[in-house]
Amino acid sequence: GAVVSQHPSRVICKSGTSVKIECRSLDFQATTMFWYRQFPKKSLMLMATSNEGSKATYEQGVEKDKFLINHASLTLSTLTVTSAHPEDSSFYICSARVVGRTSGISSSYNEQFFGPGTRLTVL
Amino acid sequence: AQSVAQPEDQVNVAEGNPLTVKCTYSVSGNPYLFWYVQYPNRGLQFLLKYITGDNLVKGSYGFEAEFNKSQTSFHLKKPSALVSDSALYFCAVRVHGSSNTGKLIFGQGTTLQVKP
């Protein structure tokens, strides 16, 4: 249980285009999902907290118009990198938070489970 | 301010030897502490957590961690390292507060290199 998927796993795009990354909780419902950015051999930087049915909460210094987050259902959050530039190239990781006890993951109350990440390369 | 520190960028150990990856924290209130492992081009995998109870926490793949309140530490340990343990390890603490959303604060990561 508690599997989180991301799609695509890898994307290469031209500068100026927009890229959408999906994060799905496959076997549980997640009212909260998180989006992180990771530079090579560096720690994870939290970009925003995505709440189902409401606006995302962005961390200081993260441009909300640049990184659009939508959390339309309890199992899906999307991150859209708008007008991508080479400096947006990075590894983007999402996580989904389990709230309450869910079948198969009874010890996972209030934990985060991470997706496999999406490697974005902007040319 | 709440924070997590991993003082070592890299830890090198020979296969079969014990390993320790250090983590110290600074939080208000009782800490919820986590260890995650990341293999190249992969997301984070949960290893273990400390919420309350026994200070020695056992986790996945033979790893364990000891919560030490007086030293504000939560070091990750394994009695006998494997080459396959080579990866990037992150310590994290859950943010507390009235607006708690379950946010995690991560340490800067420690690369573990196990040599045959």
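As the structure is a prediction and not an experimental result, all values here were calculated from the model.

In terms of regular secondary structure, chain B is built from zero helices and 12 strands. Secondary structure elements in chain B, listed N-terminal to C-terminal, are β-β-β-β-β-β-β-β-β-β-β-β. For chain B, the C-alpha radius of gyration of 14 Å lies close to 13 Å, the compact-globule estimate for 116 residues. Along the longest, intermediate and shortest principal axes, the C-alpha atoms of chain B span 50 × 30 × 20 Å. Sequence separation of at least 24 residues holds for 56% of the intrachain contacts in chain B that already meet a minimum separation of 6. Accessible surface, chain B as shown: approximately 5500 Å² in total, 48% of it carbon and sulfur.

For the rest of this paragraph, the subject is the sheet that holds strand β7 (residues 67-73) of chain A. Whether parallel or antiparallel, the strands of a sheet pair through hydrogen bonds between backbone atoms. All names here are of chain A. Across the sheet, which stays open at both edges, the four strands sit in the order β1-β3-β8-β7 with antiparallel pairing between neighbours. Strand pairing shows two members of the sheet lacking a second neighbour, β1 (4-7) and β7, which therefore form its edges. Between one strand axis and the next, the sheet turns through 15° on average, direction left out of account. In terms of strand pairing, β1 meets strand β3 (residues 19-25) through four bridges, oriented antiparallel. Among the inter-strand pairings, H7 is bridged to a residue of β3, identified as E22.

It is common to give the size of an interface as the accessible area that goes away when the parts come together. Contacts between the two partners involve 20 residues from chain B and, on the opposite side, 23 residues from chain A. Between chain B and chain A, roughly 1600 Å² of surface is buried when both sides are summed, and carbon and sulfur atoms account for 48% of that area. Counting every contact that joins chain B to chain A gives one salt bridge. When the shortest N-O distance is used, the salt bridge between K103 of chain B and E59 of chain A registers 3.1 Å. For the side of chain B that touches chain A, the secondary structure elements donating two or more residues are β5 (33-38), β6 (44-50), β10 (87-94) and β11 (104-106) of chain B. Residue classes in the side of chain B that touches chain A are distributed as eight nonpolar, eight polar and four charged.

Residues and elements named next belong to chain A. Summed over all chains, the structure comprises two disulfides over all chains. Here C23 engages in a disulfide with C94; their sulfurs sit 2.0 Å apart. In this structure, the disulfide formed by C23 and C94 twists by about 80° around the S-S bond and is classed as right-handed. Highlighted residues: C23 in strand β3 and C94 in strand β9 (residues 90-97), separated in sequence by 71 residues. Between C13, a free cysteine, and C94, which holds the nearest cysteine sulfur, the sulfur-to-sulfur gap is 18 Å.

In this section: the pattern of salt bridges. Residue and element names in this part refer to chain A. Applying the stated criterion across every chain, the model contains six salt bridges over all chains. Between E22 and R24 there is a salt bridge, and its shortest N-O distance comes to 3.5 Å. R24 sits in the partly exposed class, given a relative accessible area of 33%.

On to the packing of aromatic side chains, then. All names here are of chain B. Under the criterion given, the structure shown has 14 aromatic pairs over all chains. An angle of 20° between the planes, with centres 6.1 Å apart, marks the rings of Y25 and F67 as stacked. With a gap of 42 residues between them, Y25 in strand β4 (residues 24-26) and F67 in strand β8 (residues 64-68) connect regions that are remote in the sequence. The burial state of Y25 is the same as that of F67; both residues are buried.

Turning next to the confidence of the model for chain A. A residue-level look at chain A finds 89% of positions with pLDDT of 70 or above and a mean pLDDT of 88. The low-confidence segment residues 103-107 of chain A (pLDDT under 50) makes seven contacts with residues lying over four places distant or belonging to another chain.

Turning our attention to the pairing of strand β2 (residues 10-13) of chain A. All names here are of chain A. A one-sided burial pattern is seen for β2, the buried positions being V11 and C13 and the unburied ones R10 and I12. Sheet topology places β2 next to strand β11 (residues 118-122); four bridges connect them, and they run parallel. Pairing of I12 across the sheet is with T121, part of β11.

This next bit is on the environment of Y89 of chain B. Residue and element names in this part refer to chain B. Following the sequence through the fold, Y89 ends up in strand β10. Measuring from C-alpha to C-alpha, the distance between Y89 and Q45 comes to 9.5 Å, with 44 residues separating the pair along the chain. The contacts of Y89, once residues within four sequence positions are left out, are Q6, W35, Y36, V37, L47, F63, L76, G109, T110 and L112. Of the polar contacts made by the side chain of Y89, one reaches the backbone oxygen of D85; its length is 2.5 Å.

Calculation criteria
Residues numbered from 1 in each chain as written. Chains lettered and ligands numbered in written order. Predicted model: local features only at pLDDT ≥ 70, side-chain atom pairs only at ≥ 80, totals over all residues. Heavy atoms only, no water. Helix = DSSP H or I, 4+ residues; strand = E, 2+ residues; numbered from the N terminus. Rg over C-alpha atoms; globule rule 2.2 N^0.38 Å. Contact = heavy atoms within 4.5 Å. Areas by Shrake-Rupley, 256 points an atom, 1.4 Å probe, with all protein chains shown as cover. Pairing = 2+ DSSP bridges. Axes fitted to C-alpha atoms, helices over the stretch in contact; angles between N-to-C directions. Buried area = accessible area lost by both parts, 1.4 Å probe. Salt bridge = Lys/Arg side-chain N within 4 Å of Asp/Glu carboxyl O. Nonpolar A, V, L, I, M, F, W, Y, C, P; charged D, E, K, R; others polar. Disulfide = S-S within 2.5 Å. Buried < 20%, exposed > 50% of the residue type's maximum accessible area, 1.4 Å probe, protein only. Phe/Tyr/Trp six-rings, centres within 6.5 Å; stacked < 30°, edge-to-face > 60°. pLDDT = per-residue confidence, 0-100. Polar contact = N/O pair within 3.5 Å; in protein donor to acceptor, adjacent residues only side chain to side chain.

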